[in-house]
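# Secondary and tertiary structure notes
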Amino acid sequence: MVLRLTSFLFCLFVLVGCQSTKTVSTDKGSAKKEMSEKKKILFGRTYIDASKEKVLENYEKASTLYQQALSIDPSNAAAHYELGLTYEKLGQINQAFEQFQMAAELEPSNYWYQLSYATFLQSQNKIDESITIFEELAKQNPQKLELKYELAKLLLNNNRVKEGINYLNLIK
């Protein structure tokens, strides 16, 4: 368990540390500035501490730490996503929704953020929004048959039979 946690934290540190330079909005509106090295390090440490607490299932502490990380870098999609997962574990569904949505908006090309957001919308019976995202994902990833299957299932369950059958036919 310790080796697994250490490996996880090392990988997390590498991912956070290897991110490209980001710009964040200042309080003065659209003016942007580069995040300082000191803030990058503080963000990385806070993010890693939050992830450690999440792995240890200390979700309250993890959510507090992810919020602190986001106060340093509010444009970090990974932190929004992880905070969303943490809120979901705490049963705070509205807050989880907001964080998943933010992650998906910040990185619209990230397959996993989009998939998680679409799945979350589906679980909350926001079917039309979920279908829209699944359609886009299926268009961007035609090799992923599971997206077509999930989309067909959503469409068929919502009386959009012709569209659902069309997606099933694409699976063949």
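For the structure itself, consult the block above.
Here's what I pulled together on the structure shown here. (Residues numbered from 1 in each chain as written. Predicted model: local features only at pLDDT ≥ 70, side-chain atom pairs only at ≥ 80, totals over all residues. Heavy atoms only, no water.)

Residues Tyr117, Phe134, Leu147 and Leu151 are the most contacted members of the largest nonpolar core, which totals 40 residues. Listing elements by their share of this core, those giving two or more residues are α2 (37-55), α3 (59-72), α4 (77-89), α5 (93-106), α6 (111-123), α7 (127-140) and α8 (145-157). The element that contributes the greatest number of residues to this core is α6, accounting for 7 residues. Once residues within four sequence positions are removed from consideration, Leu147 is found in contact with Tyr111, Leu115, Phe134, Leu137, Ala138 and Asn141. (Core = buried A, V, L, I, M, F, W, Y, C linked by side-chain atoms within 4.5 Å. Buried < 20%, exposed > 50% of the residue type's maximum accessible area, 1.4 Å probe, protein only. Helix = DSSP H or I, 4+ residues; strand = E, 2+ residues; numbered from the N terminus. Contact = heavy atoms within 4.5 Å.)

Another aspect to go through is the packing of aromatic side chains. Summed over the entire model, instances satisfying the criterion amount to 8 aromatic pairs. Consider the rings of Tyr81 and Tyr113, whose centres lie 5.1 Å apart with planes at 35 degrees: the pair is tilted. One end of the pair, Tyr81, is in helix α4; the other, Tyr113, is in helix α6, and 32 residues separate them in sequence. When its relative accessible area of 16% is taken as the criterion, Tyr81 is described as buried. (Phe/Tyr/Trp six-rings, centres within 6.5 Å; stacked < 30°, edge-to-face > 60°.)

There is a patch of nonpolar side chains on the surface, built from Tyr149, Leu156, Val161, Ile165 and Leu168 and spanning about 400 Å² of accessible area. Broken down by secondary-structure element, the contributors of at least two residues to the nonpolar patch are α8 and α9 (161-171). Here the nonpolar patch gets 3 residues from one element, more than from any other, and that element is α9. Relative to the elements of secondary structure, Tyr149 occurs in helix α8. You can call Tyr149 partly exposed: its relative accessible area is 47%. (Patch = residues over 30% accessible without salt bridge, like charges linked within 9 Å, V, L, I, M, F, W, Y side chains within 5 Å. Areas by Shrake-Rupley, 256 points an atom, 1.4 Å probe, with all protein chains shown as cover. Salt bridge = Lys/Arg side-chain N within 4 Å of Asp/Glu carboxyl O.)

Mapped onto the elements of the fold, Asn76 is located in the loop between α3 and α4. The exposure class of Asn76 is buried, given its relative accessible area of 1%. In terms of polar contacts, Asn76 uses its side chain to reach the backbone amide nitrogen of Ala79, at 2.8 Å. (Polar contact = N/O pair within 3.5 Å; in protein donor to acceptor, adjacent residues only side chain to side chain.)

Another aspect to go through is the pattern of salt bridges. According to the stated counting rule, one finds 6 salt bridges in the structure shown. Here Glu136 and Lys139 are joined by a salt bridge, their closest N and O atoms 4.0 Å apart. One end of the pair is Glu136 and the other is Lys139, both in helix α7 and 3 residues apart, which spans about a single turn. The partner of Lys153 in a salt bridge is Glu150, with the nearest N and O atoms 3.4 Å apart.

With that out of the way, let us pick up the environment of Ser116. Among the secondary structure elements, Ser116 is positioned in helix α6. For the pair Ser116 and Ala103, spaced 13 residues apart in sequence, the C-alpha to C-alpha distance is 9.8 Å.

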